[in-house]
Amino acid sequence: MNSNARGGGRDFSRRAFLRGGMGLGLAAAATSFGRTLPVFAAGAQAAGATSGTAPEQVHLTFGSDPARTMVASWASLQPQPRPQLRLGTPRHGLGTTIPAQPVTYADGLNGQRVYVYHAPLRGLNPASAYVYEVSDGARTESTFQGSFATAPAARTGFRFTSFGDLATPNTAWVDSSANSATAVRAVESFSPLFHLLNGDLCYANTNMSTQPAVWRDFANNAQYSAAYRPWMPCLGNHEVEFDNGAQGYDSYLTRFSLPGNGIPSLQGHFYSFQVGSVLFIALDANDVIYEDSGAFTATDYSPPDGATAIPGGTTLYVREYSGQLGAGPQNTLLPGRNLQTLWLERTLAAARSNPTIDWIVVQMHQDALSSSTENNSDLGIRQAWVPLFDRYQVDLVLAGHSHDFERSFPVRGTDHNEGKEIDGGAVVDTNRPHPVTTDASQQVFDTTQGTVYVILGGGGTDAPDNIYGVDAADGDNQALVVVARDRTVLDPTTGKWAKGGPQAVEDAPWSAKRDPGDAYGVGVFDVDPGQGPWDRTSITMRYYHAPVAVDGSTSYTLFDEITLKRPRSDGAHWSVRTPATVTGG
């Protein structure tokens, strides 16, 4: 193990990134094939082949059981005749041949057809190293060779990393920056078992005429890590694209094969998986937020393939696409017929009744708690999901959306009627989460008492917002909140349509730590299962931030470190199975 990866060092240099080494034992054993960094053209297309059946954009995702299943996915510029994967071990080499399942779609705006392949790998051994090769089957083009390690099947320590808002290193695209490449190399320097990618993967929908090319650059950049360890994504607002499916998700759903949720019509939209004693839940917050979440065009747009023009001011608003939410008590929302929220409550209840699960970690894109002045807290999440996080003692919620870092104190329950209208100053109930402590020096937290929310929105987009709200009257942290549908408005000065802003402001005593200096960063999480049922288990989070990349390089240094603790669920002393909701002051 690299001592820096455990926090013994404070600086991660460019040289360490370029090594791309895998420090964990299993991962190191799995890495028998070399890897290369992609090269991006200054123009509108990635360097390299522009046709042919060579595999590219290779990435891994966990299957339904991360200890025994994996999915390898890749793309090609032309359809492959017999897409296949050969699987083996570092010791015995490649052996078993597995046919891949082809999936395709045509981009709704420029008509370009995209070819993707998924090879499900089943019957694997837990905590084991594998090597693989993907090809077109006819072997008329080059092949790609990679490796991975399966998850453990029982309680054990492991590491995962997380950030959102990655974009691409090809600065020809809107919202892309060189930090997208250094972020991927940073993941490799910490050698996690897997990576959580918290939405807004590539910002293709801000490059409307060239969406497939943007996705290609994103995936070829991520391949440097994602071909060697699973990258588990969730949907963000920039995955919503005009004319690409009912919610605009065709690009995302075609490229990723994700664990099932039992709802075939919503496969890939949200899911869960268990590694060791941790249950990970990936949600699509587009379904419950009030903010206009989807693709948006400020001016009239004419698709290059001659399809119907999109008038300026059009936005794709997908709230409640999985079903309506019902009104609940005290300014909350009930699952109603919303299939995602019904699934979430069932999943949380089952987890807290399962003696093999200690921790519940939720991953989503938009924010329940953000004091960023650019992307704000959303009352929709607070109304629909935060009460469930409270009731079932969710330990950690990871998000992106705000392009910065922010960590909350543990929160549990609600402080009602603490918001005010931006225009007029009338009281607004923003369902402000109640902090169970406001001791800024505290670094160890008992998550049975409150949920910690962390924004990791500094993957690599070129919009390092990291500007936070401050109450001018007393200097306290302050947050803006979207409390109703964020309608588009016509700017009388420019004559262009723009998205509306938040409607309320609140003091933010829940905000524990913010990073006004560097917007880019990665969260590194180490799980310690404890010594036995009588012991407490812990997750230590270290957040490393970095400045803007210069000449394609930057250094990540430690900015924040906390430890979360809770009793093991298999201990005789632990009897709480369905905790009641706690209401704050």
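Computed from a prediction, not measured in an experiment: that's the story for all the values here.

1. A look at the overall build of the protein
Along the backbone of the protein there are eight helices and 37 strands. Burial statistics for the protein: of 585 residues in total, 62% are counted as buried. Of the contacts made within the protein by residues no fewer than 6 positions apart, 74% connect residues no fewer than 24 positions apart. Put simply, the protein shows about 20,200 Å² of open surface, and 50% of that area lies on carbon and sulfur atoms.

2. Let's talk about the nonpolar core
Core analysis: the largest hydrophobic core is formed by 129 residues, its most contacted members being Leu85, Tyr132, Phe194, Phe280, Trp385 and Phe389. Met208, Phe242, Tyr301 and Ile310 belong to the second largest nonpolar core, which has six residues in total.

3. Some words on helix H3 (residues 179-190)
Under the 1.5 Å per step criterion, the end-to-end length of H3 is 17 Å for 12 residues, consistent within 8% with the ideal 16 Å. The element H3 is largely enclosed, with a buried count of 12 among its 12 residues. Among the residues of H3, those classed as buried are Asn179, Ser180, Ala181, Thr182, Ala183, Val184, Arg185, Ala186, Val187, Glu188, Ser189 and Phe190. Following H3 by one or two positions, Ser191 has its phi on the positive side, about 50°.

4. Here's the deal with the packing of aromatic side chains
The tally for this structure, following the rule as stated, stands at 26 aromatic pairs. Measuring from ring centre to ring centre gives 5.5 Å for Tyr130 and Phe148, while their planes differ by 20°; the resulting arrangement is stacked. Of this pair, Tyr130 sits in strand S8 (residues 129-135) while Phe148 sits in strand S9 (residues 144-149), and the two are 18 residues apart along the sequence. In this structure, Tyr130 and Phe148 share a single accessibility class: buried. Considering the side-chain rings of Tyr252 and Phe256, the 5.3 Å spacing of their centres and the 40° angle between planes classify their relative orientation as tilted. Taken as a pair, Tyr252 and Phe256 share a single burial class, namely buried.

5. So, helix H6 (residues 339-352)
If you check H6, its first and last C-alpha atoms are 20 Å apart, about what 14 residues at 1.5 Å a residue would give, namely 20 Å. The elements touched by buried residues of H6 are strand S13 (271-275), strand S14 (278-282), strand S19 (359-363), helix H7 (379-384), helix H8 (386-391) and strand S37 (556-567).

6. Quick look at unusual backbone geometry
Notably, Ser191 is not glycine yet its phi reads approximately 50°, a positive angle. With respect to the helices, strands and loops of the structure, Ser191 is situated in the loop between H3 and strand S11 (194-197). When its relative accessible area of 2% is taken as the criterion, Ser191 is described as buried. The backbone of Glu320 sits at a positive phi, close to 65°, despite the residue not being glycine. Given a relative accessible area of 25%, Glu320 falls into the partly exposed group.

What counts as what
Residues numbered from 1 in each chain as written. Predicted model: local features only at pLDDT ≥ 70, side-chain atom pairs only at ≥ 80, totals over all residues. Heavy atoms only, no water. Helix = DSSP H or I, 4+ residues; strand = E, 2+ residues; numbered from the N terminus. Buried < 20%, exposed > 50% of the residue type's maximum accessible area, 1.4 Å probe, protein only. Contact = heavy atoms within 4.5 Å. Areas by Shrake-Rupley, 256 points an atom, 1.4 Å probe, with all protein chains shown as cover. Core = buried A, V, L, I, M, F, W, Y, C linked by side-chain atoms within 4.5 Å. Expected span 1.5 Å × (residues − 1). Phe/Tyr/Trp six-rings, centres within 6.5 Å; stacked < 30°, edge-to-face > 60°.

Treat this as a map of the structure, not an account of what it does.
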